[in-house]
Amino acid sequence: MQIGHISLANTLFVAPMAGVTDRPFRQLCRTLGAGYAVSEMVTSRRDLWNTLKTSRRANHDGEPGPIAVQIAGTDAQMMAEAAVYNVERGAQIIDINMGCPAKKVCNKWAGSALMQDEPLALEIAEAVVAACAPHRVPVTLKMRTGWCQAHKNAVALARRFEAAGVQMLAVHGRTREQGYRGEAEYDTVAAVKAAVRIPVVANGDITTPLKAREVLAATGADALMVGRAAQGRPWIFREIGHFLATGETLAPPLVAEVRRLLLDHLLEHYALYGDFTGVRSARKHIGWYVHTLPGAAEFRSRMNTIEDSQLQWQAVSDFFEELAVSTDRMPAQTALAQDESALAG
Ligand SMILES: Cc1cc2nc3c(=O)[nH]c(=O)nc-3n(C[C@H](O)[C@H](O)[C@H](O)COP(=O)(O)O)c2cc1C
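Residues numbered from 1 in each chain as written. Predicted model: local features only at pLDDT ≥ 70, side-chain atom pairs only at ≥ 80, totals over all residues. Heavy atoms only, no water.

K.L.:
Help me understand the overall build of the protein chain, please; the structure alone is not making it clear to me.
P.N.:
Looking only at helices and strands, the protein chain has 11 helices and 13 strands in total. For a compact globule of 345 residues, the expected C-alpha radius of gyration is about 20 Å, and the protein chain comes in at 20 Å, within 12% of that figure. Overall size of the protein chain, expressed as C-alpha extent along the three principal axes, is 60 × 45 × 35 Å. Summarising the internal contacts of the protein chain: among those between residues at least 6 apart in sequence, 70% fall at separations of at least 24. Separation between the mean location of the 36 positive side-chain charges and that of the 36 negative ones in the protein chain comes to 3 Å. (Helix = DSSP H or I, 4+ residues; strand = E, 2+ residues; numbered from the N terminus. Rg over C-alpha atoms; globule rule 2.2 N^0.38 Å. Contact = heavy atoms within 4.5 Å. Lys, Arg positive; Asp, Glu negative; His and termini not counted. Charge placed at Lys NZ, Arg CZ, Asp CG, Glu CD.)

Encoded structure:
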């Protein structure tokens, strides 16, 4: 599959998740079978570009290409400037966020709220495409099915975005009004796919290889994007890829492999965030990895009392070593229990 002139390794994408899909997590997902990973969103507010948070998000050191940066904002000129700023820092693809209930930027709601203001949404797309064109950087866009149940305008917008020069669309099968409630629907994603010629990516509630196959069949999408189901379970890309290619279900990973993956993930995490912040922000990842394991609740509360990265790393190591004594493999995943913690950005 191509985004503009850029070829992708495969058609399984990690969804951008603020506070989750940082560089270490993206790299891990790619190692485990994701072909493409969009970064966490970066604000279009220039005054925040030098903050530690934004500079960490714009850190792509050692990341395999293509490097895709998502930008969020409500002003076309600022979004164009943010695009160029990120291109100058290594972005090879710019993704516009009209897909998540993003925070207010300059007193206006960014992200999926833009779908309610079609002229502004289009103005932003046109400005970002124009800013990226001289750099030969393709622009993609992520949106929902619409503003609310009565205003599902994804198809109309998709046509206009395509005409504006956007080169790929990802569609989460919920409206903005829904937040993360209810179930994703794929009819609108299928309608978007039928309405445009650029690649369309289906997103929302893809939690198992079987569901991945169903969503592909229901939408005819060119690619699939997985978010929450990859939290603490980055090998889901390998499982989906194998299932789509062979029709066979892979055995769950060995506990020993997950132990190694998680311990390496933690080291990368501490290296990016430093010890103080790293030990705290790693807790949610650890919680997701152990979520379905015996003793998880107790282990998670113990994690909250540990404030030293070496002790945290060792506790995780011991937990999985002990688990490996009683079982070889991780429990099989049916549908993911998407609890509140999955939404913690
Ligand atoms: C913690 C969290 C953070 C998110 N941050 C973003 C973001 O920065 N940009 C974006 O476009 N979508 C964001 N999303 C939405 C996801 O990309 C995705 O569309 C949504 O979770 C549905 O896919 P899923 O059911 O596979 O999780 C976020 C979702 C979660 C759970």
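K.L.:
How should helix 1 (residues 23–31) be read in this particular structure?
P.N.:
The α-helix winds at 3.6 residues per turn, so residues separated by three or four positions along the chain end up facing the same way. For helix 1, the tally of buried residues reaches eight of nine residues, placing the bulk of the element in the interior. Where helix 1 is buried, its residues meet strand 3 (12–14), strand 4 (36–37), helix 8 (236–246) and helix 9 (255–290). Just downstream of helix 1 lies Gly33, where phi reads positive at about 115°. (Buried < 20%, exposed > 50% of the residue type's maximum accessible area, 1.4 Å probe, protein only.)

K.L.:
Hey, could you run me through the nonpolar core in this one?
P.N.:
Here is a general trend for soluble globular proteins: nonpolar side chains tend to be buried in one another's company. The biggest cluster of nonpolar side chains holds 70 residues, and the ones touching the most others in it are Ile94, Val128, Met143 and Phe161. The biggest single contributor to this core is helix 4 (residues 118–132), with 10 residues. If sequence neighbours within four positions are ignored, Val128 has contacts with Ile71, Met79, Ala80, Ala83, Ile94, Ile96 and Val139. (Core = buried A, V, L, I, M, F, W, Y, C linked by side-chain atoms within 4.5 Å.)

K.L.:
What exactly am I supposed to notice about the site of the ligand here?
P.N.:
What surrounds the ligand is a group of 21 residues, the closest being Pro16, Gln70, Asn203, Asp205 and Arg228. Contact distances for the ligand include 2.7 Å between an oxygen atom and a side-chain N or O atom of Arg228. Bound to the protein, the ligand loses 97% of the 610 Å² it would expose on its own. For the shell around the ligand, a count of residues per class yields 11 nonpolar, seven polar and three charged. (Near = heavy atom within 4 Å. Polar contact = N/O pair within 3.5 Å; in protein donor to acceptor, adjacent residues only side chain to side chain. Areas by Shrake-Rupley, 256 points an atom, 1.4 Å probe, with all protein chains shown as cover. Nonpolar A, V, L, I, M, F, W, Y, C, P; charged D, E, K, R; others polar.)

K.L.:
Where do I start with unusual backbone geometry in this structure?
P.N.:
Generally, phi is negative for residues other than glycine and the peptide bonds are trans, each holding for most cases. Look at the link from Gly65 to Pro66: it is a cis peptide, with omega at -10°. In this fold, Pro66 is placed in the loop between helix 2 (52–57) and strand 6 (68–72). Of note, the phi angle at Arg136 is positive, near 60°, even though the residue is not glycine. Within the secondary structure, Arg136 sits in the loop between helix 4 and strand 10 (139–146). Its relative accessible area of 57% is what places Arg136 among the exposed residues. A positive phi angle, near 60°, is found at Asp205, a position not held by glycine. Mapped onto the secondary structure, Asp205 falls in the loop between strand 12 (200–203) and helix 7 (209–219).

K.L.:
It is not clear to me how the environment of Glu322 should be interpreted in this structure. Could you clarify?
P.N.:
Mapped onto the elements, Glu322 comes out in helix 11 (residues 309–326). Judged by relative accessible area, which is 62%, Glu322 ranks as exposed. Sequence separation of Glu322 and Val255 is 67 residues, and the distance between their C-alpha atoms is 9.9 Å.

These figures capture arrangement, not role.
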